[in-house]
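# Reading the structure
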Amino acid sequence: MFSIDFRQIGIVAGKEFWDRIRNRWVLAVAVVFTVFALVIAYFGAAQQGTVGFHSIDVTIASLVSLVIYLIPLIALILGFDAIVGERERGSLDLLLTLPITRKELILGKYAGLAGALAFSTIAGFGAVGVILSPQLGLNALFHYAGFMASAILLGFAFLSLAVMLSVFAGDRTRASGMAIGTWFFFVLVFDLLILGALVVTAGDYGGAVFPYLLLLNPADVFRVLNVFSLDEVRTLYGLATVFPEALSHPATLGGVMLAWIAGPLMVAIWRFER
Amino acid sequence: MASTIVEARGVTKDFGSIQAVKGVDLSIAAGELFGLIGHNGAGKSTLFKMMLGLIPVTRGEIRLDGESVTGPRFRDTRRKIGYLPENVVLYDNLTGIETLYFFADLKAVPRSSCAALLEKVGLAHAAGRRVREYSKGMRQRLGFAQALLGKPRLLFLDEPTTGLDPGAIRDFYRILRELRDEGVTMVLTSHILAEIQERVDRLAIMEGGVIRATGTVQSLREAMNLPLTLEIAGGAGLREQVARVLEGLAIDGIDDSGHSLHIRLPREAKMPALARLATLGETLRDLHVREPSLEDVFFGYRT
């Protein structure tokens, strides 16, 4: 309705970002990422009877399994009280009397939190990349950078969902419940449902649709994105034959991820402006 | 005649089937210190929030300085407004000066004006301390400094003296007087009627979603026609003598507090009663005319 003033977005984003730097949230999350990634890189093959770094593909495959649990949880915790927290504390009314639109406020909050999350991800996994770099070729580093980029996008998608919940929820308690429910649904339940449906129908009906159903879950998009960019992993998972060609393009999957970032945020803005 | 800066016409707010504000008309002149009083649930907070554009009006129209607060020129309009919410909540993790910087940035006010504002509200010594460590009164002062950023032409103050000690309340009203001298319009709510009755130019009494009365405290007293009290002290046998001279006048009653006599009487009987009491001469040691308080006026309108 009204023009967007990017300066106002920047001011709100700057405050959110520096809040997370100052209260050491960014540092804590980065350390968690570094420690987990190092443990996986060096001890990931312990079950096979060996320790030490082996291959970037296997390391990334293990990291994907970790990140798929961890990043959605961290993003949801980071964002669930973005709006409802201010509303419950009572600071929201004052903000809304200032020369800022509700759209700018949400976009600013999102940008600041997304910046903090991206910074933690880059610092945490980047540190591991630097440690491993003497043992990695250019191609492996490229793959690792791709993994980091997709991890950031995964975080952005769940942060977007969190901000949306934060607008809809009546209070912080409900918002946290909704955030945990969202995590359970996308990270734990969704794949089981699809698998269950596949088993019940014995693959007879619409078997070709199932791969596309994975696009309805940003966590699955992230998994597919990483699994398909790695040759060794693709054969490891034995997925190459069952997956439609159209879904194996990183650009397509990246586009789907961007839709998962923009969609909930747009719903949040729509609702907040009511 | 000063120009109107706040104009509400036929403002109604429905929450589902409940009508919180019912067709309110109100105009506040530029430079006025205006009080809005009413008990909890009278609709004054709802009206306040509609004036600030925090909740939409169901019907009617509110204009601030001729503009809608949610209209296309809302940024300019809002830059002219300062708001101090009731029990203001700021950010615990920021220091006092950082808090002002944040709001100054959003209002596009230079950060260089912030230190002087902290000085003005008496918080210069705590500029570098986190708001977490602030007392309730200090938070209120910081909230007030925030409202003053950018020299607003119009200030909305919701229960502004909550949590302030008497000295701070005096300082607060001193600043309000200075602002009024500069031509700033102020709308404030308070439940401490005694505190605002000597300080506002005009006030509106709200009850059940409507404005029952608007005017100066004195004009409301007169319109209500509430009884006055003459408080007199004197020598022995005062009560009998007073009763004798006032005989025939329409007196509501005489109470004896032990130290003084309290004569309740209608406003129109005031001058005749004073003339007759003057005839008592030396017997009368002291005399005060007590106007009904805003409290009396307020409760008069409620019943």
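Numbers given for residues are sequential positions, taken from 1 along each chain in its written order. For naming, the first written chain is A and the first written ligand is 1, with later ones following in the order written. Totals for whole chains, interfaces and linings use all residues, but because this is a predicted model, local features are given only for residues with pLDDT of at least 70 and pairs of side-chain atoms are given and counted only at 80 or more.

## Details of the sheet that holds strand β6 (residues 154–158) of chain B
Residue and element names in this part refer to chain B. Read across the open sheet, the 6 strands follow the order β5-β6-β7-β3-β8-β9; overall the sheet is mixed. Edge positions in the sheet fall to β5 (81–84) and β9 (210–215), since each has one partner strand and no second. Sheet twist, expressed as the mean angle between neighbouring strand axes with direction ignored, is 15 degrees. Strand pairing is assigned whenever DSSP detects at least two bridges linking the two strands. Starting at the N terminus, helices and strands are each numbered in turn, a helix being any DSSP run of H or I of at least four residues and a strand any DSSP run of E of at least two. Looking at chain direction, strand β8 (residues 202–207) and β9 are connected through 5 bridges and run antiparallel. Looking at the pairing, Ile205 lines up with Ala213 of β9. Seen against the sheet, helix α5 (residues 136–148) touches β5 and β6 and runs at an angle of roughly 170 degrees to β5. Lines fitted to C-alpha atoms define the axes, with helix axes restricted to the stretch in contact, and inter-axis angles between N-to-C directions lie between 0 and 180 degrees. Think of it this way: build a C-beta for each residue from its backbone, and any pair within 7 Å is a contact.

## Considering the environment of Val11(B)
Residues and elements named next belong to chain B. Structurally, Val11 can be placed in strand β1 (residues 4–15). Whether a residue is buried, exposed or partly exposed follows from its count of other C-beta atoms within 10 Å of its own C-beta, namely 20 or more, 12 or fewer, or something in between, respectively; the C-beta atoms are built from the backbone. Using a count of 23 C-beta atoms within 10 Å as the deciding quantity, one classes Val11 as buried. Residues Val11 and Thr229, spaced 218 residues apart in sequence, show a C-alpha to C-alpha distance of 38 Å. Those residues in contact with Val11, other than ones at most four positions away along the chain, are Val21, Val24, Met50, Val57, Gly60 and Ile62.

## Quick notes on the packing of helix α3 (residues 56–79) of chain A against helix α8 (residues 172–200) of chain A
Residues and elements named next belong to chain A. Look at α3 against α8: their axes get within 10 Å of each other, and the N-to-C directions meet at 155 degrees. In this view, α3 runs roughly antiparallel relative to α8, as classed from their interaxial angle. The interaxial crossing formed by α3 with α8 has right-handed handedness. Here α3 contributes Ile68, Tyr69, Pro72, Leu73, Leu76 and Ile77 to the contact with α8, which in turn contributes Ala179, Thr182, Trp183, Phe186 and Val187. Only Asp, Glu, Lys and Arg are considered charged in this grouping, and only Ala, Val, Leu, Ile, Met, Phe, Trp, Tyr, Cys and Pro are considered nonpolar; every other residue, Gly among them, is considered polar. Looking at the contact of α3 with α8 residue by residue, the class counts come to 10 nonpolar, 1 polar and no charged. Here the angle decides the label: under 35 degrees means roughly parallel, over 145 means roughly antiparallel, 65 to 115 means roughly perpendicular, and every other value means oblique. Left-handed describes a crossing in which the near helix is turned anticlockwise from the far one by less than a right angle; the clockwise case is right-handed.

## Some thoughts on the pairing of β5(B)
Residue and element names in this part refer to chain B. Burial of β5 is two-sided: the residues Ile81 and Tyr83 facing one way and the residues Gly82 and Leu84 facing the other way are all buried. Here 4 bridges tie β5 to β6, and the two strands are oriented parallel to one another. Considered in β6, the bridge of Gly82 is made with Leu155.

## Concerning the sheet that holds strand β4 (residues 59–64) of chain B
Residues and elements named next belong to chain B. Pairing is antiparallel in the open sheet, where 3 strands are placed in the order β2-β1-β4. What marks the edges here is a single partner per strand, and that holds for β2 (18–29) and β4. The mean angle between the axes of side-by-side strands here comes to 15 degrees, regardless of whether they run parallel or antiparallel. Pairing analysis gives 5 bridges linking β1 to β4, with the strands arranged antiparallel. Across the sheet, residue Ala8 finds its bridge partner in β4, namely Ile62.

## Observations concerning the packing of helix α3 (residues 96–106) of chain B against α5(B)
Residue and element names in this part refer to chain B. Following both chains from N to C, one finds α3 and α5 inclined at 30 degrees, their axes separated by 10 Å at the closest point. Considered as vectors, α3 and α5 are oriented roughly parallel to each other. For the pair α3 and α5, the crossing hand works out as right-handed. Only Leu142, Ala145 and Gln146 of α5 make contact with α3, whose side of the interface consists of Gly96, Thr99, Leu100 and Phe103. Taken together, the residues that form the contact of α3 with α5 break down as 4 nonpolar, 3 polar and no charged.

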